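The residues making up each chain are set out below.
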Amino acid sequence: MTLFMLLCAFLASSTLALNLLMLKPQWTRSVASIGLALGLGLGGVDSVCALEMSSYSDARYSYKIDYPQSWTQSSATLSGERPLLAWTSPKVSSTSVSVVYTPVPADFNRLTSFGDLRGYLEPKGEGVSTQVIAEQSKGEKYTLEYVSEAPEQPKRHVITVFALRPQSAVLGVTAQALESDWAGQQDELKASIASFTY
């Protein structure tokens, strides 16, 4: 049984409060934090633990991400020979998670090297409106969640991670769905974003 499965079973038990009290003080904070993150950030312990996720590790570009087991993997090469790897929902083709690897010059050693990341990542164009839901900058990783709408297009809900590997590359991770599909897909999409390491 994996640590994740044990944690899910532990968090789902009705004796969570009693168990937390019996833990060593330093463990209590960690387990409580994990429980809070799972319970609030990803739509509830039961739904998170019920997710069937697979892991993908890329040895060449040194990153790891989890994705829903039933989703279809595809790849492409973008301009500048940038590799793109994506996983798409078999139920709703507009729902996906993708990772793009982009080399950067050696003098790009901090997120501030890129200037205004929010302005850079927000969609632009005539008639495009964007509502930012959340943004966070931690270390060399910037995360932006927003809903965007373009003329004659449905609203799209997006979480983008801009992760800098100083003097080497940027890994761009995007989880997206139509806003009308977001409620039914957000657990998988948020779990993928939360799993990303580089």
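A short tour of the structure in this document, coming up.

Conventions used here
Residues numbered from 1 in each chain as written. Predicted model: local features only at pLDDT ≥ 70, side-chain atom pairs only at ≥ 80, totals over all residues. Heavy atoms only, no water. Phe/Tyr/Trp six-rings, centres within 6.5 Å; stacked < 30°, edge-to-face > 60°. Helix = DSSP H or I, 4+ residues; strand = E, 2+ residues; numbered from the N terminus. Pairing = 2+ DSSP bridges. Axes fitted to C-alpha atoms, helices over the stretch in contact; angles between N-to-C directions. Contact = heavy atoms within 4.5 Å. Core = buried A, V, L, I, M, F, W, Y, C linked by side-chain atoms within 4.5 Å. Buried < 20%, exposed > 50% of the residue type's maximum accessible area, 1.4 Å probe, protein only.

1. Quick look at the packing of aromatic side chains
Working step 1: Under the defined criterion, the tally for this structure stands at 9 aromatic pairs.
Working step 2: Ring geometry for Y63 and F196: centres 6.3 Å apart, planes at 45°, overall tilted. Highlighted residues: Y63 in strand β2 (residues 63–68) and F196 in the segment after α6 (179–195), separated in sequence by 133 residues.
Working step 3: Of the aromatic side chains, those joined through ring pairs into one cluster are Y56, Y63, Y67, W87, F196 and Y198.

2. Some points on the sheet that holds strand β9 (residues 169–178)
Working step 1: Taken in spatial order, the 7 strands make up an open sheet running β3-β4-β5-β9-β8-β7-β6, and their pairing is antiparallel. At either end of the open sheet lies a strand with only one pairing partner, and these are β3 (72–78) and β6 (129–138). For this sheet, the mean inter-axis angle between neighbouring strands, taken without regard to orientation, is 15°.
Working step 2: Sheet topology places strand β8 (residues 156–165) next to β9; 10 bridges connect them, and they run antiparallel. Bridge assignment links I159 to a residue of β9, and that residue is A175.
Working step 3: Here α6 sits on the sheet in contact with β5 (96–103), β7 (141–149), β8 and β9, set at roughly 150° to β9.

3. Focus: the nonpolar core
Working step 1: If you look at the biggest cluster of nonpolar residues, it comprises 23 residues, and the most contacted ones within it are Y63, I65, W87 and F196.
Working step 2: Listing elements by their share of this core, those giving two or more residues are β2, β4 (82–88), β5, β8, β9 and α6.
Working step 3: Looking at which element gives the most residues to this core, the answer is β9, with 5 residues.
Working step 4: Aside from chain neighbours lying at most four places away, what touches Y63 is Y56, S57, D58, L85, V99, L171, F196, T197 and Y198.
Working step 5: Among the nonpolar cores identified, the runner-up in size contains 11 residues, and Y142, L144, V158 and F162 belong to it.

4. Quick notes on unusual backbone geometry
Working step 1: With a phi angle near 60°, E81 is a residue other than glycine that sits in the positive phi range.
Working step 2: Positionally, E81 belongs in the loop between β3 and β4.
Working step 3: Even without a glycine there, the phi angle at E152 is positive, about 60°.
Working step 4: Inspection of the secondary structure puts E152 in the loop between β7 and β8.

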